[in-house]
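Observations on the model geometry
Next come the chains, spelled out residue by residue.
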Amino acid sequence: MSGSYHDDENEHPSAWGPHDWSHGAPHNSWAPIIMSIGIGIFLYTLASAYSWGEMVDSSGISLAFIGLIISFFGLTVWWRQDASFDGTYEPRATGTPFQNIQIRKVAMWVFLMSEMMVFTALFSTYMRYRLGLTPCVEIYESGSWIVNSQTIDSGEAVNCFLPASELIASSWFHIAPGAINTFALIISSFTIVQALRWAKKPVGSVDEEVRRKRVYRYLGSTWILAIIFLTLKMVEWFIGFYIPEIAFLGIQEHDIASLVNEGYTIHADHYHPHHGWDDGHLAELAAANPGEFTAYFANIASLEGNYEPTNAVMMADIRVSTSTFFVTTGTHGAHVLIGIIGLTYMTWKAWMGRYTPKNAVSIEYFGLYWHFVDLVWVLVFPFFYLY
Amino acid sequence: MNIGKIHARSIVVMSILFMALAFSPLVSSFPTGISGVKDSGCNCHGATTSDIVVPTIIGLPSIYNYSESYEVTVAFTGGPSTIGNINLGGFHLWASEGELSTLDATVQQFNPSEVGHTEVGNDQTTWTLMWTAPASDKNIEFILHTNSVNGNAGGGAGSSGDEWNRISVKVSAPIEVLEQANPYVVLSTLIVISAILLAITVTYIFYRTNPDSFNWETFEPWIVEWLTSTDHKKVGTLYFLAGMFFLGIGGIMALMIRIQLSVPGNDFLTQDQYNQFFTLHGTTMIFLAAMPLINGFANWMVPLQIGAPDLALPRINAMSFWLQPVGALLIFTGVFSGTGADTGWTGYAPYIVSETAHVGTTMWVAGQLMLVASSTLTGVNFLTTIAVMRAPGMGWMQMPLFTWSILVANLMLFLSIPAFGVGLVQVYLDRVIGTAFYDASAGGDPLLWSHLFWYFGHPEVYVVIVPAFGVISEVIATSARRSVFGYRSMVYAMAGIGVVSFIVYGHHMFTSGMSPTLRFVTMLTTMLVAVPTGIKIFNWLKTMHRGSLVYRTHTLWALGFLITFTLGGISGMFFPSMAMDLHFHESYFVVAHFHYVLVGGTVFGFFSAIYYWFPKMTGKMLDERLGVLHFLTAFISYNGVFWPMHRLGVWGMARRHHTYFISTEEAMGSLPIEAAGWNMFISVSAFLFFFSNFILIANMIKSVIRGQKAPADPWGGWSFEWMTSSPPPTPSFGHFHDGVWSDLPTLKDANEDHIANEPSAVVKWFQSLMVLDDENEEASH
Amino acid sequence: MFHHSFWYTSKEGEEFENQDGIEVGVFPKHNDDMRLEVAWTVLPFILIIYLTYISWAPLDAVWTSADGGNHGYECGLSESSNNQIDLDTGIITSECYHILEITGKQWVWSFNCNPNEDSWTGDTVPDRGFELGTNLCDVGTIAIEGYGMQPLLSLKAGETYLAVMQSEDVTHSPWVQILGVKEDVLPSHQTTLWLPMHDVSESMILCTEYCGDAHSLMSAGLSVHN
């Protein structure tokens with residue numbers, strides 16, 4: 001590694017890293033101030049680039065990237081100090097009730113408590129809106145959207161809640177990315193535990209090259225699974241995918257549209273739900289109250305017999321539903337992304353053979369975070385995708 | 001030059017550049033008004049002005065007569081306008097005072113201070129209109145934009161190729177009026193001056209540490225040490241400096257608010273400016289002054305008090321600090337140019353996501369997000385440190401009460417602030433990418449913000465007061481030379497306050513349409529919070545009983561705290577009684593209450609802490625006489641500021657109103673005549689209070705340079721910080737060799753019945769749930 | 001506190017007793033008295049229960065039900081509230097009440113004495129089928145010094161009104177200063193406020209939920225006459 005541990009003038013380890021851990025934890029580090037400045041620039045420039053959902057200044061995007069790069073640079077300074085950590089300094093708790101547990105493990109648990117509150121607040125928002133707003137299905141089937149509006153597809157949209165599950169849980173193919181993601185995360189929790197197990201095997205009980213390979217492969221697998229998670233999420237949100245014909249299963253070739261292509265976006269204030277809701281009830285209502293439903297039958301010559309809707313199209317303002325969906329699953333996705341960034345560093349460190357039983361416990365700290373992310377997904381998936 | 005130096009210098013240069021980048025929008029042109037067109041001109045007709053167009057205004061006097069009408073002719077020459085084209089030109093005229101009116105159909109009036117051309121009138125180059133002077137003395141400014149029309153592009157209505165220009169004309173009153181002070185100029189000047197003074201002080205202190213080598217080679221490692229340090233003492237000092245700086249800035253804003261409110265119907269600050277000022281005053285004081293001051297003392301004292309060499313996560317501690325100044329820059333964005341956040345520190349929806357709220361609001365939200373991150377990391381750090389790094393012999397029930405108070409405060413903080421963070425993210429996304437969390441037209445619910453905010457907001461105010469409780473416990477006990485009365489009850493009372501604080505937040509929402517049942521429950525629980533608080537106050541008084549009080553400045557401040565905080569608490573008791581809240585909500589009674597508990601509680605508590613711990617932190621004693629002078633002037637003027645506000649609230653003065661009017665025989669107003677006199681009294685006292693605190697600043701600076709050397713234990717305290725030298729060494733305790741700490745202190749106990757660190761039944765149960773790592777075991781969590 | 005501050009001051013030259021064993025690095029002796037502590041826990045608790053108890057009645061009165069509570073049901077044509085005040089508790093009761101509508105909007109209040117199908121309360125407030133006389137409820141304008149031309153609501157003393165309120169944009173709150181009551185108006189749903197006008201008065205209504213630029217000037221006059 002380039003760079004010496006010490007500044008020329010004095011004995012202290014360099015604030016840029018790498019750090020000599022025989023001195024204890026770093027007394028000086030450039031990372032905090034650099035990361036703070038980077039984050040500040042990012043938030044500032046992002047808000048100057050976009051305003052109320054529209055791009056007002058595209059140069060703000062490049063500046064926002066600069067902010068992210070500066071933050072990342074600060075993070076590399078942090079890692080540079082940590083890369084040489086070999087477990088000589090891993091303090092343990094002295095006070096009850098955590099005696100003898102590594103301090104950083106306690107810190108990770110405490111941090112996860114606050115993260116729990118973040119997701120609780122997001123879930124609370126979701127519950128408040130889901131239970132408080134009328135579901136779109138109900139409004140559609142009651143026919144009130146016809147009765148109350150003078151002209152139907154004139155531009156008046158009803159406010160209602162359309163959960164993402166209406167789109168996603170409508171078929172096995174739609175739900176496939178989400179289901180695969182669930183398995184991916186669960187398996188990744190397993191692989192990270194395996195990485196920890198191999199790293200912790202006592203010296204002498206395993207060949208060091210085997211240890212290095214195993215730890216690096218398990219960490220790498222975790223990384224790959226996390227990447228798969230985010231990729232499938234992007235497919236599900238933006239890209240969509242193509243199903244070829246599988247004749248013996250009776251599957252026609254078709255496209256599974258992404259959520260955004262279906263119109264399920266945060267700006268969806270004139271969304272046209274078209275997923276097989278029950279028209280039959282509407283027909284009965286219309287038969288019972290023909291006077292009120294004349295708009296529904298705009299082009300039918302006679303009101304006897306077949307009541308078939310022609311022009312009737314319910315426009316819904318579903319922005320609240322989409323906002324809660326994308327922001328909650330997006331926050332989870334951001335946590336996965338942070339995990340990927342951490343995993344990148346850890347996989348590299350493992351490849352360099354720097355995990356030994358003495359410092360293996362640092363994999364456990366990440367593992368705790370990763371299990372938490374997995375747990376949140378296990379809650380998010382049924383509540384947002386299935387129900 | 002070695003790599004370290006290059007790194008360091010380039011970092012300094014880069015940070016200056018980035019600060020400049022961040023600051024640059026802040027130092028853009030000072031405002032000439034709210035209307036965008038008046039500032040930006042006829043942009044549709046061309047991006048910039050053109051010198052070949054010469055506008056003129058004829059008919060205005062240089063000094064007007066009251067209420068007289070003048071016939072004014074506006075005209076222009078030059079530009080592409082040519083006789084014979086279909087359209088020749090247009091104009092727009094503003095008058096800052098008086099009334100503009102039309103004489104014919106070629107001119108239209110948009111409002112009494114603004115006229116322009118009509119469709120009919122756009123084929124001329126001169127227009128005539130009327131202006132009526134005001135009935136009183138004002139400085140008038142006329143701004144004229146004239147546009148010389150190209151008359152091209154198929155029909156002559158095209159605006160490309162037009163050229164326009166602007167002039168402004170001033171008209172004076174019969175009796176000369178002084179130029180109105182521009183509040184932004186005042187504020188920005190004062191802030192810049194404060195920053196420069198801070199820089200000078202820092203440089204001077206550096207100079208005094210080593211007068212012989214006042215040069216860059218010595219300065220650079222010194223400043224780099226401060227910018228990169230993770231040592232709890234240095235980070236604590238940084239927090240303290242930042243906190244005091246922003247306390248001053250918040251105070252400046254308060255003074256400007258008080259100038260505006262000193263007389264009824266004042267116009268020193270316009271409504272829009274006032275709205276930004278009170279928003280920033282609140283935000284600065286709570287998030288950038290109170291919390292950093294608390295963190296400063298917590299950083300300094302908690303590791304010392306528990307006998308630990310540093311905090312559990314030193315680099316994260318430094319990160320918590322550095323997020324704050326950068327967050328502050330974001331929060332203050334726009335305040336110098338008139339587009340700062342104007343939502344109130346509570347930032348209610350839907351106003352905060354409406355387009356009428358200024359652009360700076362988005363930056364305010366972003367800055368707050370950074371502060372949320374900072375507080376969360378602080379909470380994690382302190383909780384972990386106190387839980388795991390206590391010295392041998394120090395069980396939970398042997399910790400000093402200040403440490404307990406920091407523990408309870410941080411527990412409340414990091415469990416409540418994520419809800420605020422989520423709310424902020426929702427608002428940020430609403431304003432930036434257009435999500436619909438709080439958009440009422442899409443079904444969004446503004447009460448959701450209220451719940452998320454106050455779920456955080458109420459524990460937050462206890463977060464700022466509980467550490468002050470801790471300080472007072474220490475100070476009174478040491479001054480009376482007794483141990484605190486009822487140590488266990490004090491601990492349980494703080495913990496009780498911490499728990500109950502989460503369920504009473506509804507009392508900020510009493511008027512928002514809650515169900516009566518919920519109102520009753522919140523009423524009862526809010527009143528109950530007074531019980532543990534009362535226990536603490538009685539315990540402090542009983543501590544003094546049969547003590548041997550030694551009066552120092554910190555003692556005076558602690559006794560002052562007891563008075564003002566108790567008064568604040570009692571005034572707070574009026575709000576849970578729902579029917580009374582209906583009158584007092586959003587009135588000056590609320591303002592009086594929270595300033596009594598925040599300033600009279602938190603700030604006085606921390607003044608006491610300054611006098612108490614300054615010798616330990618700097619190794620120099622503060623001047624007692626200056627301290628007593630500071631106490632007397634500040635305490636008396638403070639009460640002069642906030643006590644009359646109770647009365648104003650009862651009379652019906654509303655908060656967040658830029659001005660107020662009194663009822664006279666001729667006019668209906670909301671307040672009686674005395675209110676004006678009391679407001680002036682409050683404003684004068686506010687100035688006295690502000691300046692009295694400079695005595696403290698002077699005392700601190702003088703003592704750092706020339707104070708008497710402080711012993712390790714000047715006051716006779718018992719906790720570990722008094723064992724170390726003044727100032728303490730680095731690391732604060734012990735030595736680090738071969739991966740372990742040695743020579744950490746052990747706490748002895750004067751109560752014979754205590755056995756150090758023997759786990760209680762609850763702790764034993766908790767431990768049985770955990771699987772402890774063992775070198776020889778397989779991985780376990 | 002004042003007594004203890006003077007009585008227990010240390011005196012010059014006095015021997016210091018150190019009864020609690022205060023010494024650096026030693027946790028001092030406990031200083032407690034269980035009976036005293038229980039006393040000053042229980043007594044404030046009882047006081048608070050008492051304060052809650054006496055606050056209950058006003059709470060119930062302010063949020064009394066519109067369906068047969070303190071103010072009965074909505075008045076029919078030519079009916080009067082005849083409200084009475086109980087001088088001991090200050091609680092006002094009426095035989096019936098009149099509904100009116102208050103709308104908040106940046107930055108002006110508007111009043112509607114006769115909400116009907118066409119106004120936004122149409123769904124929740126059924127059209128009562130007749131109009132209130134201008135003697136009972138009238139909307140006009142008044143010039144208030146400093147505030148400018150503002151709406152004026154004229155009501156009759158002795159009558160009780162139920163204000164059904166909503167906002168067109170952001171949150172506001174009308175503070176009816178003469179009664180000392182206020183309730184937020186929100187864009188997402190309606191809120192209500194009882195206005196039992198008992199005495200003749202001229203007072204103001206101020207906006208007390210920050211709503212932006214002209215929040216301070218958003219006001220109205222309230223005139224209660226015989």
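Look up a bit, the structure's there.
Residues numbered from 1 in each chain as written. Chains lettered and ligands numbered in written order. Predicted model: local features only at pLDDT ≥ 70, side-chain atom pairs only at ≥ 80, totals over all residues. Heavy atoms only, no water.

**Comments concerning the overall build of chain B**
Secondary structure summary: chain B contains 19 helices and twelve strands in total. Burial status across chain B gives 60% buried among its 781 residues. Within chain B, contacts between residues separated by at least 24 positions form 77% of all contacts whose residues are at least 6 apart in sequence. (Helix = DSSP H or I, 4+ residues; strand = E, 2+ residues; numbered from the N terminus. Buried < 20%, exposed > 50% of the residue type's maximum accessible area, 1.4 Å probe, protein only. Contact = heavy atoms within 4.5 Å.)

**Considerations on the overall build of chain C**
Within chain C one finds two helices and 14 strands. Here the C-alpha radius of gyration of chain C, 27 Å, is well above what a compact globule of 226 residues would show, namely 17 Å. The 226 residues of chain C split such that 50% are buried. Here chain C has roughly 10600 Å² of accessible surface; of this, 55% comes from carbon and sulfur atoms. Distance from the positive charge centre (7 side chains) to the negative charge centre (33 side chains) of chain C: 9 Å. (Rg over C-alpha atoms; globule rule 2.2 N^0.38 Å. Areas by Shrake-Rupley, 256 points an atom, 1.4 Å probe, with all protein chains shown as cover. Lys, Arg positive; Asp, Glu negative; His and termini not counted. Charge placed at Lys NZ, Arg CZ, Asp CG, Glu CD.)

**A word on the interface of chain B and chain C**
Between chain B and chain C, the residue contacts involve 98 residues of the former and 78 residues of the latter. Of the roughly 7500 Å² buried between chain B and chain C, counting both surfaces, carbon and sulfur atoms make up 64%. For the pair chain B and chain C, the number of links is one salt bridge. Note that C:E183 and B:R519 form a salt bridge whose closest N and O atoms lie 3.6 Å from each other. Applying the counting rule to chain B against chain C returns 26 residue pairs in polar contact (both at pLDDT 80 or more). Secondary structure elements with two or more residues in the side of chain B that touches chain C: α7 (271–306), α11 (446–480), α12 (487–500), α13 (516–544), α14 (553–572), α15 (578–584) and β12 (748–749) of chain B. In the side of chain B that touches chain C, the residues fall into 48 nonpolar, 34 polar and 16 charged. Where β12(B) and strand β1 (residues 26–27) of chain C come together, two bridges link them in parallel fashion. Its bridge partner being in β1(C), B:K748 is matched across the sheet by C:V26. (Buried area = accessible area lost by both parts, 1.4 Å probe. Salt bridge = Lys/Arg side-chain N within 4 Å of Asp/Glu carboxyl O. Polar contact = N/O pair within 3.5 Å; in protein donor to acceptor, adjacent residues only side chain to side chain. Nonpolar A, V, L, I, M, F, W, Y, C, P; charged D, E, K, R; others polar. Pairing = 2+ DSSP bridges.)

**With respect to the state of the cysteines**
All names here are of chain C. Following the criterion strictly, the structure yields three disulfides over all chains and no others. Bridging C75 to C96, the disulfide has an S-S length of 1.9 Å. What sets the handedness of the C75 and C96 disulfide is the S-S torsion sign, and at about 90 degrees it is right-handed. In this pair, C75 sits in the loop between β2 (73–74) and β3 (84–85) while C96 sits in strand β5 (residues 96–105), placing the two residues 21 residues apart along the sequence. You can call C75 buried: its relative accessible area is 4%. Across the disulfide, C113 is cross-linked to C137 (sulfur-sulfur distance 1.9 Å). Where C113 bonds to C137 through sulfur, the torsion about that S-S bond is close to -75 degrees, and the disulfide is left-handed. Pair noted here: C113 is in the loop between β6 (108–112) and β7 (137–144) and C137 is in strand β7, with a separation of 24 residues, a long-range link. Assessed through its relative accessible area of 7%, C113 is described here as buried. Sequence-ordered numbering of the bonded cysteines in chain C gives a disulfide pattern of 1-2, 3-4. Just so you know, C207 is unpaired, no disulfide at all, and the nearest cysteine sulfur is the one on C211, 3.8 Å from it. The exposure class assigned to C211 is buried, which follows from its relative accessible area of 0%. (Disulfide = S-S within 2.5 Å.)

**Some thoughts on the environment of C:P196**
All names here are of chain C. Looking at the element boundaries, P196 is found in strand β12 (residues 191–196). Look at P196 and you get buried, because its relative accessible area is 13%. Residues P196 and S94 lie 102 residues apart in sequence; the distance between their C-alpha atoms is 8.1 Å. Sequence-distant contacts of P196, that is, excluding residues within four places in its chain, are made with H71, N83, I92, E159, T160 and L179.

**Observations concerning the sheet that holds strand β6 (residues 114–117) of chain B**
All names here are of chain B. With respect to topology, five strands assemble into an open sheet ordered β5-β6-β3-β8-β9, the strand pairing being antiparallel. Every interior strand has two partners, whereas the edge strands, β5 (107–111) and β9 (163–171), have only one. Averaged over all adjacent pairs, the angle separating strand axes in this sheet is 15 degrees, with direction ignored. (Axes fitted to C-alpha atoms, helices over the stretch in contact; angles between N-to-C directions.)

**Details of the pattern of salt bridges**
Counted by the stated rule, this structure contains 13 salt bridges over all chains. Between A:D82 and B:R315 there is a salt bridge, with its nearest N and O atoms 2.7 Å apart. With A:D82 in helix α2 (residues 59–83) and B:R315 in helix α8 (residues 314–331), this pair bridges two chains. By relative accessible area, A:D82 is classed as buried at 14%. For B:R315, a relative accessible area of 8% gives the class buried. The salt bridge partner of B:K234 is B:E225, with a shortest N-O separation of 3.3 Å. Classification of B:K234 by relative accessible area gives partly exposed; the value is 21%. Residues joined by salt bridges that share partners form a network here, namely A:E209, A:R212 and A:K213.

**Structural notes on the sheet that holds strand β13 (residues 201–207) of chain C**
All names here are of chain C. Spatially, the six strands line up as an open sheet ordered β7-β8-β14-β13-β10-β11, and their pairing is mixed. Either end of the sheet is taken by a strand with one partner, and the two such strands are β7 and β11 (181–182). Where strand β10 (residues 174–176) and β13 come together, three bridges link them in antiparallel fashion. The partner of V176 across the bridge, within β13, is I205.

**Comments concerning the interface of chain A and chain B**
Tallying the contact residues gives 83 residues for chain A and 87 residues for chain B. Taken over both partners, the interface formed by chain A and chain B buries close to 7400 Å², and the fraction arising from carbon and sulfur atoms is 67%. On the chain A side of the interface with chain B, the three residues burying the most area are A:W30, A:Y44 and A:W52, jointly 11% of the side's total. On inspection of chain A and its partner chain B, the count reaches three salt bridges. Close ionic contact of B:D439 with A:R319 constitutes a salt bridge, the shortest N to O distance being 3.1 Å. At the junction of chain A with chain B, the criterion picks out 21 residue pairs in polar contact (both at pLDDT 80 or more).

**Some details on helix α9 (residues 360–388) of chain B**
In an α-helix, one turn spans 3.6 residues, which is why side chains three or four residues apart end up on the same side. Here α9(B) contains 29 residues, and its C-alpha end-to-end distance of 42 Å stays within 8% of the 42 Å for a straight helix at 1.5 Å per residue. Extensive coverage of α9(B) is indicated by the burial of 27 of its 29 residues. (Expected span 1.5 Å × (residues − 1).)

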